[in-house]
Amino acid sequence: MSGRTIQLGGHRVEVSRADKVLFPRDGLTKGDIAEYYHRVGSTLVRYTKDRPLASERYPDGIEGQRIFQKNVSARTPGWVRRVEVPKREGGRNIQVVCEEPDTLVHLADQGVLTPHVWLSRTDDLERPDRMVFDLDPSDNGVEELRSAAHHTRRLLEEVGLPAFVMTTGSRGFHVLVPLRREDTFHRVREFARGIATVLSERSPELLTVEQRKEDRAGRVFVDYLRNSYAQTTVAPYSVRARDTAPVATPISWRELDEVGPRGFTLGDVPERLATHGDEWSGIGNRATSLTRPRRRLAELRSGS
DNA sequence: TTATGTG
DNA sequence: CACATAAAAAAATGT
DNA sequence: ACATTT
Ligand SMILES: [Mn+2]
Ligand SMILES: [Mn+2]
């Protein structure tokens, strides 16, 4: 064993090699990541609680190998909650459920930079309580990307759905809709496809629903396929494996016109949370049924 | 990151 | 003991 | 069955 070990949180979670540099350009260490998650953990766990979690690990830093891990590590302590989830084509995974900040510190110790979570919760894995529109630019500028997000919000509100937006810290934005847990992934995905299709028909120069990169032709991909069983989205307030350590950050629709996908970083977010609070604090109280929006979307498509 | 195998 | 190596995801879509 | 994308 080599390097400094630190302890954090009520469980005195050990973080080994705390001085190991994971972000060479920024000098950020594993200890910095663990301390960040310790600080924002109480807010972050609102978005991971009750959801199967998958880990994006970089044990040798962001220039090393990327490991996407679903099953809980052998070394994960017993106080960390787990859930057994069936795979679609048979078999099972045992995944972490992050209920408390100490779990994030442990994950950081394992080299996890970015936790990803399901759109459904452990007590009903088949019925999501979130719908996501993942806006992925081709080579579009930030103005086009913002425009894509505003178009998405406008259509969702036209059909009666609330919409929340966050930076991903990577290339795009995510637009989230809180749902009542009435519909299966299949039905939610069909609805999301309808929304994405109307968006691309309204703005054919700007938006596309084509999954194949070569068919996207410089447009913003409205990725509705995230709304599927066992698919994940980056957890709000998680760190991304890119220079400057950008953070996936919930923002207001007003702020959208002032920031890009990497507008907030590990250095800004704790202070932002302290002064402005969490922009999504109300998302849990806005869960909506798709029944009426489905009819309104159908009316829109038949021109009424 | 960690467990395991080899000289 | 020092060092090498393996392993850590899966769903939807289209051909 | 396989490649692509996430
Ligand atoms: Mn994306
Ligand atoms: Mn995507």
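Since the structure is predicted, the reported quantities are computational estimates derived from the model, not experimental observations. (Residues numbered from 1 in each chain as written. Chains lettered and ligands numbered in written order. Predicted model: local features only at pLDDT ≥ 70, side-chain atom pairs only at ≥ 80, totals over all residues. Heavy atoms only, no water.)

Novice: Outline the coordination of the manganese ion (ligand 2), listing residues and values.
Specialist: Taken together, the protein donors to the manganese ion (ligand 2) comprise Asp134 (OD), Asp136 (OD) and Asp223 (OD), at separations of 2.0 to 2.4 Å. Between the two metal centres, the manganese ion (ligand 2) and the manganese ion (ligand 1), the spacing is 3.6 Å, with aspartate 134 acting as a shared donor. (Donors = N, O, S within 2.8 Å, 3.2 Å for Na, K, Ca; no water.)

Novice: If you had to explain the sheet that holds strand β12 (residues 173-178) to someone new, which residues and values would you point to?
Specialist: What holds strands together in a sheet is hydrogen bonding between their backbones, with the strands either parallel or antiparallel. Pairing is mixed in the open sheet, where six strands are placed in the order β13-β14-β10-β12-β11-β16. The sheet is open, and its two edges are formed by β13 (207-208) and β16 (249-251), each paired on a single side. Helix α4 (residues 185-202) rests against β10 (130-136), β13 and β14 (220-223) of the sheet, and its axis sits at about 35° to β10. (Pairing = 2+ DSSP bridges. Helix = DSSP H or I, 4+ residues; strand = E, 2+ residues; numbered from the N terminus. Contact = heavy atoms within 4.5 Å. Axes fitted to C-alpha atoms, helices over the stretch in contact; angles between N-to-C directions.)

Novice: Describe the packing of aromatic side chains, with residues and values.
Specialist: Scanning the model with the defined rule gives six aromatic pairs in all. On the basis of an interplanar angle of 50° and a centroid distance of 6.4 Å, the ring pair of tyrosine 47 and tyrosine 237 is categorised as tilted. With tyrosine 47 in the loop between α1 (30-44) and β5 (52-57) and tyrosine 237 in the loop between β15 (232-234) and β16, this pair connects stretches of sequence that are 190 residues apart. Like tyrosine 47, the residue tyrosine 237 is buried in the burial classification. Members of the aromatic cluster, joined through ring pairs, are Tyr47, Phe164, Tyr237 and Trp280. Between arginine 88 and the ring centre of tyrosine 229, over which it is positioned, the NZ or CZ distance is 3.9 Å. The ring centre of phenylalanine 264 lies 4.4 Å from the NZ or CZ of arginine 272, which sits over that ring. (Phe/Tyr/Trp six-rings, centres within 6.5 Å; stacked < 30°, edge-to-face > 60°. Buried < 20%, exposed > 50% of the residue type's maximum accessible area, 1.4 Å probe, protein only. Lys NZ or Arg CZ within 6 Å of the ring centre and 35° of its normal.)

Novice: I'd love a proper account of the protein's contact with DNA strand D, names of residues and values included.
Specialist: With respect to spatial proximity, the complete set of residues near DNA strand D consists of Asp134, Gln211, Lys213, Arg216, Asp223 and Arg226. Protein-proximal atoms of DNA strand D, defined as those within 4 Å of the protein, fall in sugar or phosphate at a share of 87%. Within the backbone of lysine 213, a nitrogen or oxygen atom sits 3.4 Å from a phosphate oxygen of DNA strand D. A distance of 3.2 Å is found between a sugar or linking oxygen of DNA strand D and a side-chain nitrogen or oxygen belonging to arginine 226. The class makeup of the residues in the surface near DNA strand D is no nonpolar, one polar and five charged. (Near = heavy atom within 4 Å. Polar contact = N/O pair within 3.5 Å; in protein donor to acceptor, adjacent residues only side chain to side chain. Nonpolar A, V, L, I, M, F, W, Y, C, P; charged D, E, K, R; others polar.)

Novice: Explain the side chain of threonine 167 to me, using residue names and the numbers behind them.
Specialist: Structurally, the position occupied by threonine 167 is in strand β11 (residues 164-167). Given a relative accessible area of 0%, threonine 167 falls into the buried group. A distance of 3.3 Å separates a polar atom in the side chain of threonine 167 from the backbone oxygen of valine 247. In contact with threonine 167, not counting residues within four places along its chain, are Gly172, Phe173, Val247, Ala248, Thr249, Ile251, Val259, Gly260, Pro261 and Phe264.

Novice: So what's going on with empty space enclosed by the protein? Which residues, and what values?
Specialist: Overall, the coordinates contain three cavities of 30 Å³ or more when judged by the stated rule. Space inside the largest cavity adds up to approximately 130 Å³. Along the wall of the largest cavity there are 13 residues; nearest its centre are Val117, Arg130, Leu176, Thr233 and Pro236. Counting only elements with at least two residues in the lining of the largest cavity, the list comes to β9 (112-118), β12 and β15. Split by residue class, the lining of the largest cavity holds nine nonpolar, two polar and two charged. Two domains each put at least three residues into the lining of the largest cavity: domain 1 (1-118) and domain 2 (123-304). In this structure, the second largest cavity spans a volume of roughly 80 Å³. For the second largest cavity, the lining is made up of 14 residues, of which Ser55, Gln69, Asn71, Ser73 and Leu107 are closest to its centre. Listing elements by their share of the lining of the second largest cavity, those giving two or more residues are β5 and α2 (101-109). Element by element, the count of residues in the lining of the second largest cavity is highest for β5, at three residues. (1 Å grid on protein atoms, 1.4 Å probe; cavity = no way out; pocket = protein on both sides within 12 Å on 5 of 7 lines; lining within 4 Å. Points joined across faces, edges and corners; volume = space filled by probe spheres on them. Domains from an automatic or database assignment.)

Novice: Give me the lowdown on the layout of surface pockets, citing residues and values where you can.
Specialist: Taken as a whole, the largest pocket encloses approximately 680 Å³ of empty space. If you go around the largest pocket, you meet 29 residues; those closest to its centre are Asp134, Asp136, Ser170, His174 and Arg240. Listed by contribution, the elements that provide at least two residues to the lining of the largest pocket are β9, β10, β14 and β15. The element contributing the most residues to the lining of the largest pocket is β15, with three residues. Taken together, the residues that form the lining of the largest pocket break down as seven nonpolar, ten polar and twelve charged. Composition of the lining of the largest pocket by domain shows at least three residues from each of domain 1 (1-118) and domain 2 (123-304).

Novice: I'd like a description of the protein's contact with DNA strand C, backed by residues and values.
Specialist: Taken together, 17 residues surround DNA strand C, and among them Gln65, Lys70, Lys87, Arg88 and Gln231 come closest. Restricting attention to atoms of DNA strand C within 4 Å of the protein, one finds that 72% of them are sugar or phosphate atoms. A distance of 2.9 Å is found between a phosphate oxygen of DNA strand C and a side-chain nitrogen or oxygen belonging to lysine 87. Measuring from a phosphate oxygen of DNA strand C, one finds a side-chain N or O atom of asparagine 93 at 3.1 Å. The biggest single contributor to the surface near DNA strand C is strand β6 (residues 67-69), with three residues. When grouped by side-chain class, the residues that make up the surface near DNA strand C number five nonpolar, seven polar and five charged.

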